[in-house]
Amino acid sequence: MEIELRDENIKKESVSKPNPFPPKLAASIKWLQMTQELSFQKFIQQSDLLEELKYDFNEKAELRHIETQSPFVFNYYKNVPERNSKRYQALGHLLEKYIYELLEKVCKLQKVYISPETDKESGSFFFMSERALTNHHSALLVLLQDHGVFRAGQWSQQAIIHHGLQHGSQIPCIQMALQAHYDVIVLNPNDNFVDLKMVKEQKGLLTQNTESYSLKMVQTESFASLQQPLQCIPKVGSNTPEEHMAYIWDCFISKTEGKDVAFIVHGYGGLVFMDLLVHRKWEVMSKVYAVALIDSQHHVRHQLGSDVQLSAWIKHHCREWVTSPKPLDRPATTVLKKEFPMVSAGTEKHDLAISSSLQSVFKYFKKALKAKATINFSHVPIVTRSSTKIKQSA
């Protein structure tokens, strides 16, 4: 089956529809059975875009027209690219709020503001499982996305729109992690600025009832408002993806004691992780046991320089899945990037690399954690009768 991409700045090209999720993941995607309460159409109905966006997610979590069941069409307004672009932006804003609701209601994650002293409207936030910072008996998985207009819970907005939630959202990854008894932190590195004009409008609505407020807040962020110039200021602790990562590491992740930490990083997220590794060298090296880089944009020589310790660490604790025509997990090392193992993600599409390699990533984590536990056990001193006597005589 062939579908056509029609997003702005993307050349028209036919791409093969990705294969559905493997049967082994069936238990991890029960959330695909969408209920009316969690319907995406509910968000659209609360906006002023009901006619322009007659879309909802079907039982396979694919975005489809509610009347024709056809995929999303970018060119809604014939030969008016600016209006089509604004409509696409509005769809992205509604998807953002919908994914947030899925994170809280389906994955049972908590929304945490990174700077409690600031107004919630002007502060950034992330999501984490309830006992992510206190449960010392489970590993912690941190999700670090690529750069773009999308927010927490999304690997790729384009993949969500054209291929479905199971390929573009982080929900399947989170569900797999929770079922494997990981705790989870979902970062929000692209949430860097706040629009002062929008904040003022939202505060002005607080005097109205909750239902009316929710409705008008969505309308405020929809089609009409996207055509107005923004009045933006940086968010505290989240001015850049690098600052967001460092802030959450310092204030949250580093506070966990005796917890094994793993990362899944996508695209620009790889560069952000390497930046953290350089600036929090010993902390990261002691806490993180495995990093899965997915089609990463990091640059080892530029970022790590000639640090022998860091080079040795990434060689043993990092693995990258890269876009490639080769089958999944086949070696794919290049001349320019050979600092640690590189394998094929099983796809040539950047936006589909994570969904294609997800099972392989979790197998890698399981093997790495088992190896770490074996090493730790081998370092535990064995108590013998003679050593006990020596200790008592001393």
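Whatever comes next refers back to the structure up there.
Residues numbered from 1 in each chain as written. Predicted model: local features only at pLDDT ≥ 70, side-chain atom pairs only at ≥ 80, totals over all residues. Heavy atoms only, no water.

**A few points about the overall build of the chain**
Along the backbone of the chain there are 14 helices and 14 strands. Counting only contacts in the chain whose residues sit at least 6 apart along the sequence, the fraction spanning at least 24 positions is 71%. Accessible surface, the chain as shown: approximately 20,000 Å² in total, 54% of it carbon and sulfur. (Helix = DSSP H or I, 4+ residues; strand = E, 2+ residues; numbered from the N terminus. Contact = heavy atoms within 4.5 Å. Areas by Shrake-Rupley, 256 points an atom, 1.4 Å probe, with all protein chains shown as cover.)

**With respect to the packing of aromatic side chains**
Counted by the stated rule, this structure contains 19 aromatic pairs. With centroids separated by 5.3 Å and ring planes inclined at 55°, the aromatic side chains of Phe-40 and Tyr-98 adopt a geometry described as tilted. With Phe-40 in helix α1 (residues 40–45) and Tyr-98 in helix α2 (residues 81–105), this residue pair connects regions lying 58 residues apart in the sequence. A single burial state applies to Phe-40 and to Tyr-98, both of which are buried. Centroid distance Phe-125 to Phe-127: 5.8 Å. Interplanar angle 90°. Geometry classified as edge-to-face. On the basis of relative accessibility, which here comes to 7%, the residue Phe-125 falls in the buried class. Overall, the relative accessible area of 0% leaves Phe-127 in the buried class. Members of the aromatic cluster, connected to one another through ring pairs, are Tyr-182, Tyr-289, Trp-321, Phe-362, Tyr-364 and Phe-365. Stacked on the ring of Tyr-77, the Lys or Arg Arg-83 has its end atom at 3.9 Å from the ring centre. (Phe/Tyr/Trp six-rings, centres within 6.5 Å; stacked < 30°, edge-to-face > 60°. Buried < 20%, exposed > 50% of the residue type's maximum accessible area, 1.4 Å probe, protein only. Lys NZ or Arg CZ within 6 Å of the ring centre and 35° of its normal.)

**Examining the nonpolar core**
In terms of nonpolar packing, the biggest core is built from 59 residues, with Phe-40, Phe-72, Leu-141, Ile-264 and Phe-365 touching the most fellow members. Here this core gets ten residues from one element, more than from any other, and that element is α2. When neighbours within four sequence positions are excluded, Ile-264 is seen to be in contact with Leu-141, Val-142, Leu-143, Leu-144, Trp-155, Cys-173, Ala-292, Ile-294, Val-361 and Phe-365. (Core = buried A, V, L, I, M, F, W, Y, C linked by side-chain atoms within 4.5 Å.)

**Some words on the side chain of His-298**
Tracing the backbone shows His-298 in the loop between β12 (288–294) and α11 (300–304). Reaching out from His-298, the side chain makes a polar contact with the side chain of Ser-296 at a distance of 2.6 Å. (Polar contact = N/O pair within 3.5 Å; in protein donor to acceptor, adjacent residues only side chain to side chain.)

**Structural notes on the sheet that holds strand β13 (residues 318–322)**
If you trace the eight strands from one edge of the open sheet to the other, you get β5-β6-β8-β7-β11-β12-β13-β14, paired in mixed fashion. Edge strands, defined here as strands with exactly one partner in the open sheet, are β5 (110–113) and β14 (342–344). Strand after strand, the sheet turns through a mean of 20° between neighbouring axes, direction not considered. Bridge count between strand β11 (residues 261–266) and β12: six bridges; the pairing is parallel. Bridge pairing in β12 places Val-265 opposite Leu-293. (Pairing = 2+ DSSP bridges. Axes fitted to C-alpha atoms, helices over the stretch in contact; angles between N-to-C directions.)

**Digging into the state of the cysteines**
Scanning all chains against the criterion turns up zero disulfides. Counting only cysteine sulfurs, Cys-173 is the nearest neighbor of Cys-107, a cysteine outside any disulfide, at a range of 9.8 Å. (Disulfide = S-S within 2.5 Å.)

**What about the environment of Phe-125?**
Structurally, Phe-125 can be placed in strand β6 (residues 125–128). Distance from Phe-125 to Ile-114, taken between C-alpha atoms, is 5.3 Å for residues eleven residues apart in sequence. If near-sequence neighbours (up to four positions away) are discounted, Phe-125 is found in contact with Tyr-100, Lys-111, Val-112, Tyr-113, Ile-114, Asn-188, Asp-191 and His-244.

**Observations regarding the packing of helix α9 (residues 268–279) against helix α12 (residues 308–317)**
Taken N-terminus to C-terminus, the directions of α9 and α12 make an angle of 135°; their axes are 11 Å apart at the nearest point. In terms of axis orientation, α9 runs oblique to α12. Along this stretch, α9 crosses α12, giving a crossing that reads as right-handed. Counted together, Phe-273, Met-274, Leu-277 and Val-278 of α9 and Leu-310, Trp-313 and Ile-314 of α12 form the full contact between these two elements. (Parallel < 35°, antiparallel > 145°, perpendicular 65-115°, else oblique. Left-handed = near helix turned anticlockwise from the far one by under 90°.)

**Let's talk about α12**
Of all the residues in α12, the buried ones are Leu-310, Trp-313 and Ile-314. One side of α12 holds all its buried residues, which, seen down the axis, span an arc of 95°. α12 presents Val-308, Lys-315 and His-316 as exposed residues on the side facing more than 90 degrees away from its buried surface. Contacts from the buried residues of α12 go to α9, α10 (281–287), β12, α11 and β13. Between the side-chain oxygen at the start of α12 and the backbone nitrogen of Gln-309 there is a gap of 3.0 Å, and the oxygen is on Asp-307. (Arc of directions from axis to C-beta.)

**What about the environment of Ser-355?**
In this structure, Ser-355 sits in helix α13 (residues 353–378). Among the polar contacts listed, one links the side chain of Ser-355 to the side chain of His-167, at a separation of 2.9 Å. From its side chain, Ser-355 meets the backbone oxygen of Leu-352 in a polar contact 3.2 Å long.

**What about the side chain of Lys-259?**
Within the secondary structure, Lys-259 is located in the loop between α8 (241–251) and β11. Of note is the side chain of Lys-259, whose polar atom sits 3.0 Å from the backbone oxygen of Ser-138. Not counting residues up to four positions away in its chain, the partners in contact with Lys-259 are Arg-131, Ala-132, Asn-135, His-136, Ser-138, Ala-139, Leu-140, Asp-183 and Lys-287.

**Focus: the packing of α8 against α9**
α9 packs onto α8 with a crossing angle of 50° between their chain directions and a minimal axis gap of 9 Å. As judged from the angle between their axes, α8 and α9 are oblique. Of the two elements, α8 crosses α9, and the hand of that crossing is right-handed. Contact with α8, carried on its side by Pro-241, Glu-242, Met-245, Ala-246 and Trp-249, involves Tyr-268, Leu-271, Val-272, Asp-275 and Leu-276 of α9 and no other residues of that element. Among the residues making up the contact of α8 with α9, the classes are represented as eight nonpolar, no polar and two charged. (Nonpolar A, V, L, I, M, F, W, Y, C, P; charged D, E, K, R; others polar.)

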